[in-house]
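Residue-level listing of the chains:
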Amino acid sequence: FGMIDNVPDKIDFGYVSVGIRAEKTIRVTNTMDRSTRFFVKPDIFEFTPQSGSLKPMESKEIVVSYLAERAVPVVATAIFHLGDEHKIIKTSAIPKYPYIGLSTEKLDFEE
């Protein structure tokens, strides 16, 4: 069991709205008996914080966010480094334009 095992293999945002930032949070834990540094070589998804250090058995939450500019499905990879280990994280999202349906019928709320 390596310390990189608690980092997810994939982060799937599913459907997201164009123009609205979507966020997910992952938790990373240093399972070693020594302090270590981590950093993320991001793709088009943002990781905050992108780097830092973890004491033994310390956990840190990392926010992964994505802001879609177009309604085009996205699949990418980020490389997460923790100590001497690294892991490829597949990231994906399906951006869609928000949809509002309009009715041409008149509604009469008189009682």
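Report follows, based on the coordinates. (Residues numbered from 1 in each chain as written. Predicted model: local features only at pLDDT ≥ 70, side-chain atom pairs only at ≥ 80, totals over all residues. Heavy atoms only, no water.)

Some remarks on the pairing of strand β6 (residues 59-66)
Turning to step 1, where the next piece is worked out: Of the strand pairs in this sheet, strand β2 (residues 22-29) and β6 are connected by 8 bridges, and their pairing is antiparallel. Across the sheet, the residue bridging to Lys-24 is Val-64, located in β6. (Pairing = 2+ DSSP bridges. Helix = DSSP H or I, 4+ residues; strand = E, 2+ residues; numbered from the N terminus.)

Concerning the environment of Glu-110
Turning to step 1, where the next piece is worked out: As for its placement among the helices and strands, Glu-110 is situated in the segment after β8 (85-96).
Turning to step 2, where the next piece is worked out: Spatially, the C-alpha atom of Glu-110 lies 64 Å from that of His-81, the residues being 29 residues apart in sequence.

Let's talk about the sheet that holds β8
In any sheet, the strands associate via hydrogen bonds between backbone groups, in a parallel or an antiparallel arrangement.
Turning to step 1, where the next piece is worked out: With mixed pairing, the 5 strands of this open sheet are ordered in space as β1-β8-β7-β3-β5. At either margin of the open sheet sits one strand with a lone partner, and together these are β1 (10-17) and β5 (51-54). When strand polarity is set aside, the average angle formed by the axes of neighbouring strands in this sheet is 20°. (Axes fitted to C-alpha atoms, helices over the stretch in contact; angles between N-to-C directions.)

Here's the deal with the side chain of Lys-87
Turning to step 1, where the next piece is worked out: Of note, Lys-87 is situated in strand β8.
Turning to step 2, where the next piece is worked out: Within polar-contact distance, the side chain of Lys-87 engages the side chain of Asp-9 at 3.2 Å. (Polar contact = N/O pair within 3.5 Å; in protein donor to acceptor, adjacent residues only side chain to side chain.)

Observations regarding the side chain of Ser-92
Turning to step 1, where the next piece is worked out: Mapped onto the elements of the fold, Ser-92 is located in strand β8.
Turning to step 2, where the next piece is worked out: A distance of 3.0 Å separates a polar atom in the side chain of Ser-92 from a polar atom in the side chain of Asp-12.

Comments concerning the packing of aromatic side chains
Turning to step 1, where the next piece is worked out: As enumerated under the stated definition, the model contains 3 aromatic pairs in all.
Turning to step 2, where the next piece is worked out: A ring pair is formed by Phe-13 and Phe-45, whose centres lie 5.4 Å apart and whose planes are at 25°; its orientation type is stacked. Placement of Phe-13 in strand β1 and of Phe-45 in the loop between β3 (36-41) and β4 (46-48) is noted, with a sequence separation of 32 residues between them.
Turning to step 3, where the next piece is worked out: For Phe-13, a relative accessible area of 9% translates into the label buried.
Turning to step 4, where the next piece is worked out: The class of Phe-45 is buried, set by a relative accessible area of 1%.
Turning to step 5, where the next piece is worked out: Centroid distance Phe-38 to Phe-80: 5.9 Å. Interplanar angle 10°. Geometry classified as stacked. In this pair, Phe-38 sits in strand β3 while Phe-80 sits in strand β7 (residues 74-82), placing the two residues 42 residues apart along the sequence.
Turning to step 6, where the next piece is worked out: Classification of Phe-38 by relative accessible area gives buried; the value is 2%.
Turning to step 7, where the next piece is worked out: For Phe-80, a relative accessible area of 0% gives the class buried. (Phe/Tyr/Trp six-rings, centres within 6.5 Å; stacked < 30°, edge-to-face > 60°. Buried < 20%, exposed > 50% of the residue type's maximum accessible area, 1.4 Å probe, protein only.)

Description of the pattern of salt bridges
Turning to step 1, where the next piece is worked out: Enumeration according to the criterion identifies 3 salt bridges in this entry.
Turning to step 2, where the next piece is worked out: One salt bridge connects Asp-9 with Lys-87, and the closest N-O pair in it is separated by 3.2 Å. Taken together, the positions of Asp-9 in the segment before β1 and Lys-87 in strand β8 put the pair 78 residues apart, joining distant regions of the chain.
Turning to step 3, where the next piece is worked out: Here Lys-87 falls in the buried class, since its relative accessible area comes to 16%.
Turning to step 4, where the next piece is worked out: With a closest N to O distance of 3.7 Å, Arg-21 and Glu-46 form a salt bridge. Note that Arg-21 is positioned in the loop between β1 and β2 and Glu-46 in strand β4, a separation of 25 residues in sequence. (Salt bridge = Lys/Arg side-chain N within 4 Å of Asp/Glu carboxyl O.)

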